[in-house]
Amino acid sequence: MSDDVKKIREKKKEWEEGCVKPSLKRFGIKESPARFYTPDDIQDFDFLEKVGFPGDYPFTAGAYAIPTPGLAPSVGSGFQDTAKGLVRAGQYSGYGTAEDTREYYQKMINMGQVGGPNLAFQLPTQCGYDSDNSRAKGEVGKTGVAIDSLQDMEIVYEPFQGDRDIDKIASNWTINAPACMILAMYIALAEQRNISPAKLRGTLQNDILKEYVGRGTQIFPPRPSMRLVRDSMVYCTENLPLLNYMSCCTAHIRSAGCTGEQAIGILLANAAAYIQMGVDAGLDVDIFMRRFTFLGIGGSIEMMKEIAANRALRRMFARMMKERFNAKSKRTMMMKTNLLARTLEADYTIQRPLNNLTRSVIGGIAAALVGGTPSSGMGFPWDEPLGLGHSDEAWQLQRDAARIIQFEAKLGGVMDPLAGSYYIENLTDEIEKGAWEIYDKIEELGGALDAIEKGWMQQEIARAAYRQQQDVESQNKIMVGANSFKGEGELEVMTERKVAHPYDPKKREEAEKHQIAKLAKLRKDRDNAAVENSLKSLKTAAQDEKINLMPFFIDAVKTYATIGEMSDALREVFGEHQGYGII
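Residues numbered from 1 in each chain as written. Predicted model: local features only at pLDDT ≥ 70, side-chain atom pairs only at ≥ 80, totals over all residues. Heavy atoms only, no water.

(A) Focus on the pairing of strand β2 (residues 116–120). Of all 5 residues in β2, 5 are buried; the element is thus mostly enclosed. Where strand β1 (residues 89–93) and β2 come together, 3 bridges link them in parallel fashion. Within β2, the position partnered with Ala89 by the bridge is Gly116. Remark: the β1/helix α3 (residues 98–111)/β2 crossover connection has right-handed handedness. The pairing of β2 with strand β3 (residues 170–174) spans 3 bridges and is classified as parallel. Counted as the bridge partner of Ala120 is Thr174 from β3. (Buried < 20%, exposed > 50% of the residue type's maximum accessible area, 1.4 Å probe, protein only. Helix = DSSP H or I, 4+ residues; strand = E, 2+ residues; numbered from the N terminus. Pairing = 2+ DSSP bridges. Right-handed = clockwise from strand over helix to strand, strands pointing away.)

If you want it as structure tokens, here you go:
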């Protein structure tokens, strides 16, 4: 212990006796509702070891050495801020039929959107069912666009041609269990347009492990599902060098109720399972990790904890890549994500919903203070709880709030500005310690796959969710306007919407009828013998775990085999996932 720390401790005792105790007595409380931190709380702090410089190991201060010049929100960019020279997808979107989403994108292009599609898929598609399946009834086109076959992808991408053709844009596909099938459709679409798949840019979510513990759109049991991730990983590394085959994320398990430490530990354990699979497949970690991305760790409205958690996560990932996977390139140790600290939509309320804009601004400030752009931390617009899709007015407020944080408050002008703060460094260390405990426990169980199959992850998240709900109901967690501050004098404030909603409600209601009719025509007009042969080949190949199924998916989608038909062929081989009990 240094002499300075000894002096601080002595002075702290004097302060507690002379200042704190009288204040506690005055207010009739036993302990202060707030803490004060000193150098004593970070005695072992070593700047180069714990923080370093932005863009350099251990990446605590940031993944990149400098921010991207000119990066800012634009019409249709959503979280994906745009800048000259960047090729990115636009805001998360899609509804109804492919025709409806095509019209939406054409409208957005006319308004100035520069990014490619960032597709939200309907639940039947995500779960491997066609729109005419009885299980899809009432769900077609509701939570996203109905994509049953290559025909639907062709229609969605009709506005993206010429100087917006698919070799000049990037696309995002938020889908997991059938990710290989969607990727195969995009490759087939490129071939139709005489575009080399090697030129395609985009990001598949493809993070199947978190589906088993936080979301539930898995189709097959975990092990054959991981085989599909491996096949896409290997195929993209060898044939699509510009396409991100993975966007590992925990937003869904944060929404399901887990803590920040759990989110980091689970995220790293899941990532480790995928990375080990790539290594076991014979890939060079410094090559295939170039296209391994993250979608952050979800988020919460507790700004300081979010800042510390993201700093800890970057440091932990860098250490894992260096020490466990023997990465040689610093680029491999750099966690690639465009979402950092942010407000999670689970913190939004349907009561007094305009308050959600304030909540999102807090996320934007947190993101700016941890190396991100404000818009990356702001979650979806304030009207997220009011139904699918967001009004143009809400997006305008969201963009302008991010611009105010960035250009008027100038919060992006300093990288990692809280580095060295006694509180932030102590909190970063504490969160890292808790997250490593979760990670180590998962590894003790055999890794992420075994932890899922044993139900451990699900149980941990369920317990945390229960505690969180108890906190909400007991008002230990305050949610303004929802569980507190609801007196007679409080007002419900809303905006007057003068711009038509971007998702036409009539089209969404009629989507199921139109999609089923289109699917019936497709089945009648296509070469069904070719379809059957392709599905038979897929099914046969699936029986040999060593065979990469991507070429078989590509062949099948070219015959206009559907998502449901390909999924059913694999269900016969892999079986269908059955949920694990949670005790």
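(B) Local environment of the packing of aromatic side chains. Applying the stated criterion to the full structure yields 17 aromatic pairs. A centroid spacing of 6.0 Å and a plane angle of 35° characterise the contact between Tyr92 and Phe380, whose relative ring orientation is tilted. In this pair, Tyr92 is assigned in strand β1 and Phe380 in the loop between α14 (355–368) and α15 (392–408), connecting sequence segments 288 residues apart. On the basis of relative accessibility, which here comes to 29%, the residue Tyr92 falls in the partly exposed class. Judged by its relative accessible area of 13%, Phe380 falls in the buried class. Among the aromatic residues, ring-to-ring pairing joins Tyr95, Tyr104, Tyr105, Tyr157, Phe160, Trp173, Tyr186 and Tyr503 into one connected group. Seen from the ring of Tyr57, Lys322 lies directly overhead, with NZ or CZ sitting 4.4 Å from the centre. (Phe/Tyr/Trp six-rings, centres within 6.5 Å; stacked < 30°, edge-to-face > 60°. Lys NZ or Arg CZ within 6 Å of the ring centre and 35° of its normal.)

(C) Here's a closer look at the sheet that holds β3. Read across the sheet, 5 strands follow the order β1-β2-β3-β4-β5 without closing on themselves; strand pairing throughout is parallel. Each having just a single partner strand, β1 and β5 (243–244) make up the two edges of the open sheet. By the bridge criterion, 4 bridges tie β3 to strand β4 (residues 201–204) in an arrangement that is parallel. From the neighbouring strand, Ala170 faces β4, where its bridge partner is Arg201.

(D) Just the environment of Leu491, in detail. Summarising the element assignment, Leu491 is placed in the loop between α18 (456–473) and α19 (505–525). On the basis of relative accessible area, Leu491 is assigned to the exposed category, the value being 63%.

Interpretation in functional terms is not warranted from these geometric data alone.
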